[in-house]
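As a plain string of letters, each chain reads:
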Amino acid sequence: VIEWTPGGIPSIHRVSKSVNLNSSYLKKKQCFTGQMQEIMKWNGWGYVDSKFQFNKKGQAEFTGKRYRLSGMVMPALKEWFESTFGASLQHKTPASAIPNSSAVQPPILNEAFVEDLKSTGIPFSQDAEDRVFRAHGHCLHEIFALREGKVGRVPDMVVWPSNHNDVVKIVELACKHNVCLIPYGGGTSVSSALECPPEETRTIVSVDTSQMNRILWIDEKNLTAHVEAGIVGQELERLLNESGYCTGHEPDSMEFSSLGGWVATRASGMKKNIYGNIEDLVVHIRMVTPQGVIEKSCQGPRMSTGPDIHHFILGSEGTLGVVTEVTMKIRPMPEYQKYGSVVFPNFEQGVACLREVLTLITNVFAGHALKPQKFYITKFKGFDPNRLCVATLLFEGDRERVLQHEKQVYDIAAKFGGLAAGEDNGQRGYMLTFVIAYLRDLGMDYYVIGESFETSVPWDRVLDICRNVKERIIRECKERGVQFPPLSTCRVTQTYDAGACVYFYFAFNYRGLSDPVHVYEQVEHAARDEILANGGSLSHHHGVGKLRKEWMRETVSRVGMGMLKSVKDYVDPGNIFGNRNLL
Amino acid sequence: MASEAVYSHRDPMLKKRDDFEDILEERRNCSDLRYALKCYTPVVYKGLTPCKAGVLKNMVLQSDQLHYVINQVSKETGKAPEDVQEEASAILEEMAHRMQLSTVRFFAFTLCKVFKTLFRSICVNEEGIQRLQQAIQEHPVVLLPSHRSYMDFLLMSYILFTYDLALPVIAAGMDFMGMKIVGEMLRMSGAFFIRRSFGGDKLYWAVFSEYVKTILKNGLAPVEFFLEGTRSRTAKSLTPKLGLLNIVMDPFLKGEVFDINVVPVSISYERILEETLYARELLGVPKPKESTSGLFKARRVLSEDYGSIHVYFGQPVSVRSLAEGRVNRCQFNLTPRHIPKRPSDDVHSFVNAAAYRLVRAQEENMVLKPWVLLASLLLQNHHQDLDQDRAAGPERGMGLDELTEEALWLRDVCRQYGAFLHWPDHVPPSEVVSSSLDLHRGLVRISEGRVRLAVEHAGPSGPGVHPGAGPEEQLLNQAVVVLSCASYRNQALHVFLRPALLASAMHIATSSNKQEVFNSFSFLRNMFSNEFILCPGATMQDFEEACFLLVKTGVLQITEQEVLSTHRGHRTLAFLTRMMDPFLQGYQVICMFLCEEASEALTEKTFIPAVRGFMVKQLLSGRLRYTEVLSSDLQKNALAALLRLGAVLKTKGADQTTLKVNRVMVNSLEDTLGGKLPTQKAAVARL
């Protein structure tokens with residue numbers, strides 16, 4: 001990942017505990033309905049016990065015990081926070097404390113469906129809290145509304161199938177009684193994909209796949225594992241590790257996001273350079289649709305049998321059916337893992353280096369991130385602190401080759417003016433990926449709102465798009481009356497032969513604005529227009545959902561839309577999977 | 001057309017403009033040398049450190065763009081890529097500027113001296129300078145001055161140096177390079193030289209466009225060029241040329257920069273150095289080749305009072321906001337940006353519309369001096385004298401009081417139309433008039449309290465008739481004065497243009513029916529769109545503007561059905577139609593020529609001399625009144641219009657282009673211009 005901004009994010013001190021990242025994963029296996037929501041925030045990111053807060057001395061700390069950062073005090077964060085956003089600890093915007101059940105509309109129930117469902121014995125709930133929890137993802141406007149205690153259209157019931165057959169039954173009943181189904185995995189969507197269409201008058205049933213979380217078999221000959229699609233990333237990794245394997249798929253949300261969700265949104269992980277993206281990792285997919293079950297007849301590693309039917313499923317965003325089981329490639333756990341980091345005098349050099357590294361090494365170089373400096377490095381001799389940028393690196397493989405390639409990478413970096421900045425910085429960079437989402441919640445306590453969004457773009461346009469989108473954000477904020485200069489920064493998170501994935505981070509202090517979310521949405525909209533005008537894609541891996549639907553037609557062409565529509569029309573003529581994403 | 005649309009027009013009188021500061025004033029009080037050697041530290045784009053000329057050249061030569069074209073040319077011609085690269089390098093060498101601060105300082109020193117001798121003042125709007133300074137730091141800047149004189153770009157650089165602003169890199173015609181030392185010195189003060197035509201030369205185009213883009217994209221210096229392509233000899237703005245504008249907009253359209261600021265600059269001369277030179281040129285004396293000695297000679301000859309100069313730096317125009325909603329930038333997503341591509345239709349029409357908008361912005365901020373009004377009035381009076389056959393009598397010309405009264409009336413009209421008129425209100429009007437006449441004494445005669453153009457007429461009583469001068473020569477001598485005078489009137493044309501077109505339209509329309517008047521207006525506008533700056537596709541808007549102004553000033557009453565003149569509007573309408581008359585008549589005569597005289601063998605080259613010969617005959621025989629029509633500018637514009645309308649067709653032969661005349665069509669155009677034929681229903685939306 002490459003990130004860069006003048007005045008980035010503060011260094012975090014006293015990182016001494018050397019705990020493996022994996023220790024942050026959930027120890028206990030989730031086993032029954034609704035338990036997840038007891039340890040998760042209902043109106044913010046992640047675990048209830050983990051959050052950034054300012055203690056009585058005004059110093060920032062991270063609570064809980066789950067992360068390496070937990071229990072640490074970060075004196076620099078306050079200063080950074082105040083100077084970057086013009087925020088003040090005096091001006092608080094606390095969230096409303098508990099979910100307000102009375103604000104939730106009573107469920108619209110299709111009694112006949114409920115009766116038939118009861119007879120199947122599949123657990124379900126009509127409890128307001130359960131329903132609200134599954135009515136949103138993590139878009140800014142969704143979280144903002146929850147913090148204000150506002151709730152819109154929510155699912156009328158939640159069901160918890162425990163295996164493929166349960167899903168078949170649910171879908172059959174839904175078709176029979178014309179009920180709307182919305183599949184729910186980890187709830188980490190950032191595309192308004194989980195929002196219930198307000199105009200939907202049928203009963204909306206949230207199909208929570210969290211109980212379908214078993215590894216059904218591991219095939220060591222073929223290096224594949226057959227897994228139920230409701231399993232969340234960290235659990236899948238933990239279970240595979242027990243057998244000495246891994247998938248290598250590590251999206252930033254892997255603590256909470258599910259395998260089925262990855263398939264449905266075409267997810268991408270930070271180690272994709274070795275292991276590949278989700279579409280490279282799946283060998284077989286099973287999905288239940290209103291027309292029946294779709295799957296291939298064999299597990300051949302590649303097939304020439306017309307267009308790959310997996311690609312109707314990958315990225316279908318819950319509009320066609322529920323993914324129930326997936327056969328995934330697995331790899332033996334890497335023998336050796338090494339973090340690293342390089343600091344570059346500026347972002348341009350960093351990008352050029354990443355490109356060069358990519359053309360030389362593809363095997364061991366698991367991941368990298370170019371980030372804005374101050375995150376973990378404040379001073380570096382001879383470098384302009386406002387321009388320098390940091391690349392974090394992760395090497396995996398057998399020890400000898402890791403060391404050999406590490407040297408090669410640092411040699412290349414040197415050609416671009418990059419200096420090795422140590423393993424610690426690299427590791428911290430990776431760790432921060434997991435806690436960065438918690439930072440937004442802190443901001444929201446003090447009038448600061450923000451979000452990240454991503455795109456993919458050819459190499460020759462990376463610098464142009466970064467400059468133009470950042471500038472567009474700043475300009476749009478100014479035009480819309482934002483009183484304080486916004487944080488507008490970016491990083492390169494994934495690289496390909498033909499281009500890169502770029503993340504933009506955007507946040508601002510909204511004091512003085514009457515409708516901050518609207519302003520935020522207008523700016524994000526403008527930023528997306530700018531991305532498209534600069535040759536960027538509509539999304540690299542977040543998906544389209546309902547948030548980016550309006551650009552789909554120009555993105556895939558009229559004919560392309562027609563193709564997708566006709567698939568939907570055949571597979572789901574009654575619009576049972578009625579979340580209205582994508583099309 | 002909804003009537004409220006007509007009246008919702010923004011009142012041009014409300015236009016706000018900045019005040020001026022005289023930058024020569026300080027120069028008259030302290031050392032020029034100290035000024036030339038002052039500390040010069042201009043603000044630059046985003047704190048960039050200026051790069052050396054050599055670095056710039058390397059950037060150009062190593063660009064993907066140029067590499068691509070070099071390989072292409074090499075494949076097409078069979079030359080080795082290294083040889084083509086060599087050629088590219090030579091082109092760049094010939095083209096590139098070599099800005100040197102010492103030369104700039106030399107110029108600053110010399111120009112101080114020259115300007116102080118020639119001009120009373122050089123007035124600059126300092127607020128415009130401040131806006132420019134801001135703009136330079138934010139985004140790459142393109143400066144677009146109007147072009148009326150050789151002085152223009154020296155003057156621009158001089159002003160920017162004075163205000164400690166980044167000196168521009170200026171696109172100059174190759175002909176300047178012929179001026180031995182001066183050419184090189186201009187190069188060292190920031191000029192780069194381009195060939196006048198290089199239509200088919202891919203390599204030249206690639207080097208040239210990449211050179212300009214590299215400077216612009218990296219914010220190395222503001223790029224300056226003349227939208228009009230060449231100096232306007234008539235003081236009317238010329239139809240903008242799109243080549244360079246296309247190049248400078250490209251980096252924005254392709255996302256290589258966030259935005260580009262385009263700054264229109266209006267330079268108005270109270271008296272143009274090249275005044276009579278231009279008139280002669282328009283009459284067919286070819287343009288003298290730029291030579292150093294010529295320039296110095298010109299300077300010596302012309303070292304008299306040229307009044308003042310006003311330079312107005314307009315509001316920077318963001319290319320991004322111009323393009324908003326007009327160009328889909330995604331069109332550049334599917335091919336690598338370094339592969340040269342013809343602009344798509346929407347890009348072309350966007351650049352064209354932007355160019356017109358920018359030229360109009362230049363026009364709007366041109367400062368008009370009282371003399372411009374006097375010249376307009378004197379010209380009209382001159383023609384009335386001819387009409388009433390008193391051209392040689394004692395009644396000719398205008399009484400000073402009469403002229404003053406008319407000028408005051410016209411001043412007020414002008415202001416109501418939103419003109420940027422500098423009429424010193426604190427000075428008694430008679431003094432304003434007399435001092436204006438004094439400055440332009442070469443063009444007027446004052447005797448016995450009457451003023452007229454300094455045109456001597458043939459005839460028994462005509463004084464000052466050169467014995468031995470043939471009638472044709474006399475005619476040309478008169479035409480020099482008339483054209484010089486017309487060039488001042490032309491400075492105000494843009495102010496009156498739309499109302500004048502409406503007045504003429506009412507004149508040639510067969511009734512006062514609103515639709516019919518609009519049709520005539522639309523016809524005239526279409527006919528004259530090579531002659532004046534009329535934005536493409538803005539017929540309705542122009543019509544509304546004209547109606548708005550004339551209704552506001554009580555000249556017209558417009559009802560649902562009709563356009564009617566009021567009693568008190570007569571004076572204005574007469575003035576406006578008289579203003580358009582020379583052009584109407586000029587186009588008519590050209591049509592007449594094409595119908596009656598043009599032979600089958602008429603070529604593009606012989607067109608001007610043949611038309612001129614025909615006109616001279618007509619003028620001498622008294623059938624034609626306006627000597628102005630002898631202007632080759634008008635003749636060229638008319639031909640371009642006729643070609644555009646398809647009334648004349650070009651056929652390319654082996655060594656010349658012949659013109660094929662559609663007599664029926666030309667004839668009907670002539671009749672319509674003369675009001676003898678009703679206009680065809682305009683294709684544009686109905687009223």
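For the structure itself, consult the block above.
Worth saying up front: this structure is predicted, and the values here are computed from it rather than measured. (Residues numbered from 1 in each chain as written. Chains lettered and ligands numbered in written order. Predicted model: local features only at pLDDT ≥ 70, side-chain atom pairs only at ≥ 80, totals over all residues. Heavy atoms only, no water.)

Participant: Would you mind going over the overall build of chain A with me for this structure?
Facilitator: A tally of helices and strands in chain A yields 17 helices and 22 strands. Of all 583 residues assigned to chain A, the portion counted as buried reaches 60%. Taking the contacts inside chain A whose residues are at least 6 apart along the sequence as the reference set, 77% of them involve residues at least 24 apart. With the model as given, the accessible surface of chain A reaches about 22800 Å², and the carbon-plus-sulfur share is 52%. (Helix = DSSP H or I, 4+ residues; strand = E, 2+ residues; numbered from the N terminus. Buried < 20%, exposed > 50% of the residue type's maximum accessible area, 1.4 Å probe, protein only. Contact = heavy atoms within 4.5 Å. Areas by Shrake-Rupley, 256 points an atom, 1.4 Å probe, with all protein chains shown as cover.)

Participant: Can you walk me through the interface of chain B and chain A in this structure?
Facilitator: Much of the literature gives interface size as the accessible area that the parts lose upon coming together. At the junction of the two partners, chain B supplies 15 residues and chain A supplies 14 residues. Between chain B and chain A, a total of about 1200 Å² is buried, with carbon and sulfur atoms accounting for 34% of that surface. Looking at the side of chain B facing chain A, the largest losses of area belong to Phe258(B), Arg329(B) and Arg337(B), adding up to 45% of the total buried there. Inspection of the chain B/chain A interface yields five salt bridges. Residue Arg329(B) is joined to Glu530(A) by a salt bridge in which the shortest nitrogen-to-oxygen separation is 3.1 Å. The tally of links between chain B and chain A comes to 13 residue pairs in polar contact (both at pLDDT 80 or more). (Buried area = accessible area lost by both parts, 1.4 Å probe. Salt bridge = Lys/Arg side-chain N within 4 Å of Asp/Glu carboxyl O. Polar contact = N/O pair within 3.5 Å; in protein donor to acceptor, adjacent residues only side chain to side chain.)

Participant: Looking at this model, I keep getting lost on the sheet that holds strand 10 (residues 224-228) of chain A. Mind explaining?
Facilitator: The strands making up a sheet are joined through hydrogen bonds of the backbone, oriented either antiparallel or parallel. Residues and elements named next belong to chain A. Pairing is antiparallel across the open sheet formed by five strands, whose spatial order is 9-10-14-12-13. Of all the strands in the sheet, the pair left with one neighbour each is strand 9 (215-219) and strand 13 (292-294). Each adjacent strand pair in this sheet contributes to an overall mean axis angle of 10 degrees, direction not counted. The sheet strands contacting helix 6 (residues 164-177) are strand 12 (282-289), strand 13 and strand 14 (322-329), and the helix crosses strand 12 at an angle near 35 degrees. (Pairing = 2+ DSSP bridges. Axes fitted to C-alpha atoms, helices over the stretch in contact; angles between N-to-C directions.)

Participant: Help me understand the nonpolar core in this model?
Facilitator: Where a protein is soluble and globular, its nonpolar side chains tend to be buried together. The biggest cluster of nonpolar side chains holds 229 residues, and the ones touching the most others in it are Phe496(B) and Leu594(B). For this core, the element with the most residues is helix 24 (residues 570-596) of chain B, which contributes 14 residues. Those residues in contact with Leu594(B), other than ones at most four positions away along the chain, are Leu602(B), Phe607(B), Leu642(B), Val648(B), Val661(B), Arg663(B) and Val666(B). In this structure, Ala60(A), Phe133(A), Val342(A) and Phe434(A) belong to the second largest nonpolar core, which totals 101 residues. (Core = buried A, V, L, I, M, F, W, Y, C linked by side-chain atoms within 4.5 Å.)

Participant: It is not clear to me how helix 10 (residues 180-188) of chain B should be interpreted in this structure. Could you clarify?
Facilitator: Along an α-helix, a turn takes 3.6 residues, which lines up residues three or four apart on a common side. Along helix 10 of chain B, the residues that are buried comprise Val182(B), Gly183(B), Met185(B), Leu186(B) and Arg187(B). Trailing helix 10 of chain B by a residue or two, Gly190(B) shows a phi angle of about 115 degrees, which is positive.

Participant: Whenever I open this one, the environment of Ala80(B) confuses me. Can you help?
Facilitator: Residues and elements named next belong to chain B. Topologically, Ala80 is positioned in the loop between helix 5 (64-77) and helix 6 (81-95). The partly exposed category is assigned to Ala80, whose relative accessible area is 29%. For the pair Ala80 and Pro240, spaced 160 residues apart in sequence, the C-alpha to C-alpha distance is 38 Å.

Participant: Is there a simple way to think about the sheet that holds strand 12 (residues 450-453) of chain B in this case?
Facilitator: All names here are of chain B. With respect to topology, three strands assemble into an open sheet ordered 10-12-11, the strand pairing being antiparallel. Each edge of the sheet is formed by a strand with only one pairing partner; in this case those strands are strand 10 (398-399) and strand 11 (444-447). The pairing of strand 10 with strand 12 spans two bridges and is classified as antiparallel. Looking at strand 12, one finds that Gly399 is bridged to Arg450.

Participant: Explanation requested: the packing of helix 24 of chain B against helix 26 (residues 632-645) of chain B in the structure shown.
Facilitator: Packed helix pairs are specified by the crossing angle of their axes together with the interaxial distance, meaning the distance between the axes. Residues and elements named next belong to chain B. Look at helix 24 against helix 26: their axes get within 10 Å of each other, and the N-to-C directions meet at 65 degrees. Every pair of crossing elements has a handedness; the one defined by helix 24 and helix 26 is right-handed. In contact with Pro582, Phe583, Gly586, Tyr587, Ile590, Cys591 and Leu594 of helix 24, helix 26 contributes Leu634, Gln635, Asn637, Ala638, Ala641 and Leu642. Considered class by class, the residues forming the contact of helix 24 with helix 26 number ten nonpolar, three polar and no charged. (Left-handed = near helix turned anticlockwise from the far one by under 90°. Nonpolar A, V, L, I, M, F, W, Y, C, P; charged D, E, K, R; others polar.)

Participant: Is there a simple way to think about the pairing of strand 11 of chain B in this case?
Facilitator: Residues and elements named next belong to chain B. Taken together, the four bridges between strand 11 and strand 12 define a ladder with antiparallel strand orientation. The residue of strand 12 that forms the bridge with Ser447 is Arg450. Linking strand 11 back to strand 12 in an antiparallel pair, the connection comprises two residues, with Glu448 at a positive phi of about 50 degrees.

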